[in-house]
Amino acid sequence: MFHELIFYCKELESFIFRNQIQEFVEGEHDSFFAEEMLKTIQTESLKIPTSEKQKYPNLPWEKMDTMWQKDLARAYDYIDLKMLYYVCTYEIPKFTKTIKLDIR
């Protein structure tokens, strides 16, 4: 169950690195792909039972489960692109590194 979550996080990291994205621009495909990947990551995080999440209290499960509503969606059909970039380039890699270390 953690494997899918890690897979999508690594895919998003790889996409950002491979395309050397420095920022997201409104209407570009890069930002759309990142939005969709973050939705998928959140969906995968929500699939993990609370009992399993409690085994890894160092991980920011609350943030992963609510990032879309709390951090990214600012208004109807408006995504904060600066926050999207921050989450994709800083939060997701940090989460991926932590989850890989904690699960082992």
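Values in this document were obtained by computation on a predicted structure and should not be read as measured data. (Residues numbered from 1 in each chain as written. Predicted model: local features only at pLDDT ≥ 70, side-chain atom pairs only at ≥ 80, totals over all residues. Heavy atoms only, no water.)

Enquirer: If you had to explain the overall build of the chain to someone new, which residues and values would you point to?
Expert: Within the chain, the regular secondary structure consists of five helices and two strands. Secondary structure elements in the chain, listed N-terminal to C-terminal, are α-α-α-α-β-β-α. Over its C-alpha trace the chain gives a radius of gyration of 13 Å, about what one expects of a compact globule, namely 13 Å for 104 residues. For the C-alpha atoms alone, the extent of the chain along its principal axes is close to 40 × 30 × 20 Å. Put simply, the chain has 104 residues, and 43% of those count as buried. At a minimum sequence separation of 6, the contacts of the chain that also span at least 24 residues come to 70%. Within the structure as shown, the chain displays about 6700 Å² of accessible surface, and the carbon and sulfur contribution to it stands at 53%. Of the side-chain charges in the chain, 14 are positive and 18 negative, and the distance between the mean point of each set is 7 Å. (Helix = DSSP H or I, 4+ residues; strand = E, 2+ residues; numbered from the N terminus. Rg over C-alpha atoms; globule rule 2.2 N^0.38 Å. Buried < 20%, exposed > 50% of the residue type's maximum accessible area, 1.4 Å probe, protein only. Contact = heavy atoms within 4.5 Å. Areas by Shrake-Rupley, 256 points an atom, 1.4 Å probe, with all protein chains shown as cover. Lys, Arg positive; Asp, Glu negative; His and termini not counted. Charge placed at Lys NZ, Arg CZ, Asp CG, Glu CD.)

Enquirer: Talk me through the nonpolar core; I want residue IDs and the actual numbers.
Expert: If you look at soluble globular proteins, the nonpolar side chains tend to sit buried side by side. Of all hydrophobic cores here, the largest spans 30 residues; its most connected members are Leu-5, Leu-12, Phe-24, Leu-38, Ile-41, Trp-61 and Leu-84. Contributing elements (two or more residues each) for this core: helix H1 (2-18), helix H2 (29-47), helix H4 (61-72) and helix H5 (81-103). Residue contributions to this core peak at eight residues, all from H5. When near neighbours in sequence (up to four residues on either side) are disregarded, Leu-38 contacts Leu-12, Met-67, Trp-68, Leu-72, Leu-84, Val-87, Cys-88 and Ile-92. (Core = buried A, V, L, I, M, F, W, Y, C linked by side-chain atoms within 4.5 Å.)

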